[in-house]
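Observations on chain architecture
One letter stands for each residue in the lines below.
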Amino acid sequence: MNETSQKADLIVTGIDWLITVDPDRRIIRDAAIAVVNGEFAEIGKSANVAAAWHSEKIIDGSGMVGTPGFIDNHLHSSFQMSRGLADEANAQSFLFDHMYPYEGAMEWNDVYVSSCLTAMEMLRHGVTCFIDPGNYHPDATIEAIGASGMRMVVARSSFDRTKSVMGILPEAMIETTDKCLEQTAALLDSYDGAHNGRISVSASFRGLNNASDELIRGLKELADARGTFLQTHACFSYSTHDGCLAAFGAPEIERLENLGVLDERMLLVHSGWLEPHEIEIIVRRKPTLVASPSSSLHNGYGNFVMGKLPELMALGVNVSLGSDHACSGITDMTQEMMLVAGTYKEVRINPRVMPPEHVVEMATINGARGAGLDSRIGSIEFGKEADLVLFDTSWPEWQPLYNPVSNLVYAATGNSISHVFVRGNHVVCDGHLTLLDEDRILADVAATAGRIAGRLDMNRIVKLKWPVV
C-alpha cells in the first residue's frame, strides 16, 4: 500500500472491460473503480487506482465486463407472479379478462411477496433501479424494494373512469378523481426520498381510456409542484388508439397535447401507434418514450411494425427500455436489449438500425433521464453514485470476447451476472442476493400464488391446450 494513498470504502480492480457510458463513451481495459461514500471517486486503469487508493474491501474484477446498473423504465412489480396467466390474448382480453381481475384480487401481502420476487429477479439480472407504474398497495412494494437495497421510482395506480370502449374495470380498482389525487400526494409526502434516497415517487395514471381530463391535469399539476414526472401507458395497441379517438375525439398524444400536459417531464410507455402529426408533437415536446419489447412481442401489439422509435431517437427524443411485466415471460434487460435491437432490424429490413451502442444507452443513461436521476446514476463517472454490474465472461455466450458491447446486447443474458453494487453496497454477490433470503422468497411465492388462484376462476384465465395427466 502506498503510504500517501487515500482510503476508499470499496475498490473493484482488474475489470477486463469497463463500459462506462460516460460522456466520451469510454471502454476501459484492465479497469478499476474506487468508491467513497457511495460515489465513484476514481475510474481508470487498475495500476493508477491501486497507486492512489487503498481499501479493506477489494473485489477482483478479472474475467469480468463491467457496466452501469441497468435502469428499467417500466415494470409492474405487482405482476411478477403473473407468468402464464394471459398468453395469446389481444390487448382488450389481456387487460380486462386476465390482468385486471388478477390485480383486483391482490391484497397487501400478495403485493409484498410479488415485489420481493421482483427485487430478486431484477437485481440478479443487473437492474439497480426501476420505475413502477403503480398498484393499490405501493407501501408493500416500497417495503420489499427498500429491504433489497435497490432503487425504485414508485407510483400509486390511478383510474377514475370505470367504463371505456376497452371494457369495465373491477370495482376494487376504481376511485374518484379526488381520491386518486389525494393518494398520490400522500405517497409523495410519505416516501419521496425514503431509504436513503433510493426511493423516488412519480405521478401515474395507468392509461388514457380510463382517465378523465380532470385526473390527468390534476396529476400533472401535482407532479410539477413536487418536482417529479407524470407517467402513463400510451399508444400501445390499435385498440387503445382507436378507443381514445372514439371517446375523446383525438388520438392519445394529441389528447395529451390538448390538455397541456405533454413535456420533457412526462414518460410514455410503448408509444407505437402514432398519427403522423403526433410525431411532430413528440419531437417538439420531447417526453421520454419507453420501449417494452417482450411485452409487444408476447401480445402482438404491433409496436415494432407501427413504431417510430429509431427515428424519434435520431430526432433527439429520449428513448429508454422497460420489461413491463413477467406475464410476457422475461424480465431481463439484457434480453430486452437483444429484442429491441433485433426486431427493429427485422421490421426495417436494415441491419444498421438500433446498433448495440444505442441499445445500451437506452438501458442505462437514457433510463436515468427518464427517471429524472441522470445527475446521479446511469453512467460510471466521477461523483455519480456507484451503481455497478459485473458480468462473468467465463459463461460461454461471452466467448470469444472481441467487442463487449456486441456480446452484451446480442449474446449475454442476466444469468451471467456475478456482482451488483448500488451506491457501493454489495447487493448481489456471486449471483445471489445479499440482503434478502432467496429461499424464503420462493417459498412465499408458491404459497401466495396458490392463495391468489383461489380467489380467481383459474379455469377461465389459464387455458392449457395439452392434456394434463
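Computed from a predicted model, the values in this text were never measured in an experiment. (Residues numbered from 1 in each chain as written. Predicted model: local features only at pLDDT ≥ 70, side-chain atom pairs only at ≥ 80, totals over all residues. Heavy atoms only, no water.)

1. Notes on the overall build of the protein
Operational definition: A run of H or I in DSSP becomes a helix once it reaches four residues, and a run of E becomes a strand once it reaches two; helices and strands are each numbered from the N terminus. Computation of the radius of gyration draws on C-alpha atoms, with the globule rule given as 2.2 Å multiplied by the number of residues to the power 0.38. Remark: exposure states derive from per-residue accessible area (1.4 Å probe, protein chains only) relative to the maximum for the residue type, with buried under 20%, exposed over 50%, and partly exposed in between. Note on contacts: a residue pair is in contact if any heavy atoms of the two residues lie within 4.5 Å.
A count of helical and extended segments in the protein gives 19 helices and 22 strands. Its C-alpha atoms give the protein a radius of gyration of 22 Å, near enough to 23 Å, the size a compact globule of 469 residues would have. The C-alpha extent of the protein, read off along each of the three principal axes, is 70 × 50 × 50 Å. Taken over 469 residues, the protein has a buried fraction of 60%. Counting only contacts in the protein whose residues sit at least 6 apart along the sequence, the fraction spanning at least 24 positions is 72%.

2. A closer look at the sheet that holds strand β17 (residues 288–291)
For clarity, the cut-off: Strands are treated as partners if at least two bridges between them are detected by DSSP. What counts as an axis is a line fitted to C-alpha atoms, over the stretch in contact for a helix, and the angles between N-to-C directions run from 0 to 180 degrees.
The strand order β14-β15-β16-β17-β18 describes an open sheet built from five strands, whose pairing is parallel. At either margin of the open sheet sits one strand with a lone partner, and together these are β14 (203–207) and β18 (319–321). Between one strand axis and the next, the sheet turns through 25° on average, direction left out of account. Pairing of strand β15 (residues 230–234) with strand β16 (residues 266–270) involves five bridges; the strand directions are parallel. Bridge pairing in β16 links Thr232 to Leu268. Where helix α7 (residues 213–226) meets the sheet, it contacts β14 and β15, and its direction lies at approximately 155° from that of β14.

3. Quick look at the sheet that holds strand β8 (residues 70–72)
What holds strands together in a sheet is hydrogen bonding between their backbones, with the strands either parallel or antiparallel. Sheet architecture is open: four strands sit in the order β8-β9-β10-β13, paired in parallel fashion. The sheet terminates laterally at β8 and β13 (199–201), the two strands that pair on one side only. Averaged over neighbouring strand pairs, the angle between their axes works out to 15° when direction is ignored. As paired elements, strand β10 (residues 151–154) and β13 share three bridges and run parallel to each other. Looking across to β13, one finds that Val154 is bridged to Val201. Contacts between helix α14 (residues 333–348) and the sheet are confined to β8 and β9 (127–131), with β8 contributing the most and set at about 75° to the helix.

4. Here we look at the packing of helix α3 (residues 108–124) against helix α18 (residues 438–455)
Selection criterion: With respect to orientation, any angle under 35 degrees is reported as roughly parallel, any angle over 145 as roughly antiparallel, any angle of 65 to 115 as roughly perpendicular, and every other angle as oblique. Rotating anticlockwise by less than a right angle from the far helix to the near helix defines a left-handed crossing, while the corresponding clockwise rotation defines a right-handed one. Only Asp, Glu, Lys and Arg are considered charged, only Ala, Val, Leu, Ile, Met, Phe, Trp, Tyr, Cys and Pro nonpolar, and every remaining residue, Gly among them, polar.
Closest axis-to-axis distance for the α3/α18 pair is 9 Å, and the angle between their directions is 135°. One way to sum up the angle between α3 and α18 is to call them oblique. Seen along the crossing, α3 lies across α18 with a hand that is left-handed. Contact residues: Asn109, Asp110, Val113, Cys116, Leu117, Met120 and Arg124 in α3; Glu438, Ile441, Leu442, Asp444, Val445, Thr448, Arg451, Ile452 and Arg455 in α18. Of the residues assigned to the contact of α3 with α18, the class counts are eight nonpolar, two polar and six charged.

5. Here's the deal with the nonpolar core
Note that soluble globular proteins tend to have their nonpolar side chains buried in a common cluster. The condition is simple: The term nonpolar core refers to a set of buried residues drawn from Ala, Val, Leu, Ile, Met, Phe, Trp, Tyr and Cys, joined through side-chain atoms within 4.5 Å.
The biggest cluster of nonpolar side chains holds 117 residues, and the ones touching the most others in it are Tyr102, Phe205, Ile253, Leu256, Met337, Val340 and Met354. Those residues in contact with Tyr102 that sit more than four places away from it in its chain are Ser78, Phe79, Met81, Ser82, Leu85, Ile452 and Leu456. Listed in part, the 17 residues of the second largest apolar core include Val12, Phe40, Ile380 and Phe421.

6. Comments concerning helix α2 (residues 91–104)
For clarity, the cut-off: What the bend at a residue measures is the angle between two axes, fitted to the seven residues ending there and to the seven starting there.
Its axis deflected by about 30° at His98, α2 carries its strongest bend there, up to four residues before the proline Pro101. All buried positions along α2 are accounted for by Ala91, Ser93, Phe94, Leu95, Phe96, His98, Met99, Tyr100, Pro101, Tyr102 and Glu103.

7. A look at the layout of surface pockets
We apply this condition: Every definition here rests on a 1 Å grid over the protein atoms only: cavities are sets of points where a 1.4 Å probe fits but cannot get out, pockets are open sets enclosed by protein on both sides within 12 Å along at least five of seven lines, and lining residues have some atom within 4 Å of a point. Grid points are joined across faces, edges and corners, and a volume is the space filled by probe spheres set on the points.
Of the voids in this model, the largest pocket is the one considered here, and its volume is about 450 Å³. As for the largest pocket, its lining consists of 26 residues, of which Arg265, Arg369, Gly370, Ala371 and Gly372 are closest to the centre. Here the lining of the largest pocket takes three residues from β13, the largest share from any one element. The calculated volume of the second largest pocket comes to roughly 250 Å³. Gly84, Asp87, Glu88, Ala89, Ser93, His98, Ile461, Val462, Lys463, Leu464 and Lys465 are the residues that line the second largest pocket. Here the residues of the lining of the second largest pocket sort into four nonpolar, three polar and four charged.

8. Some points on the packing of α3 against helix α4 (residues 138–148)
Two elements in contact, α3 and α4, have axes whose closest approach is 8 Å; the angle formed by their N-to-C orientations is 35°. Every pair of crossing elements has a handedness; the one defined by α3 and α4 is right-handed. Across the interface between the two elements, Trp108, Val111, Tyr112, Ser115, Cys116, Ala119 and Leu123 from α3 touch Asp139, Ala140, Thr141, Glu143, Ala144, Ile145 and Ser148 from α4. Residues belonging to the contact of α3 with α4 are distributed by class as follows: nine nonpolar, three polar and two charged.

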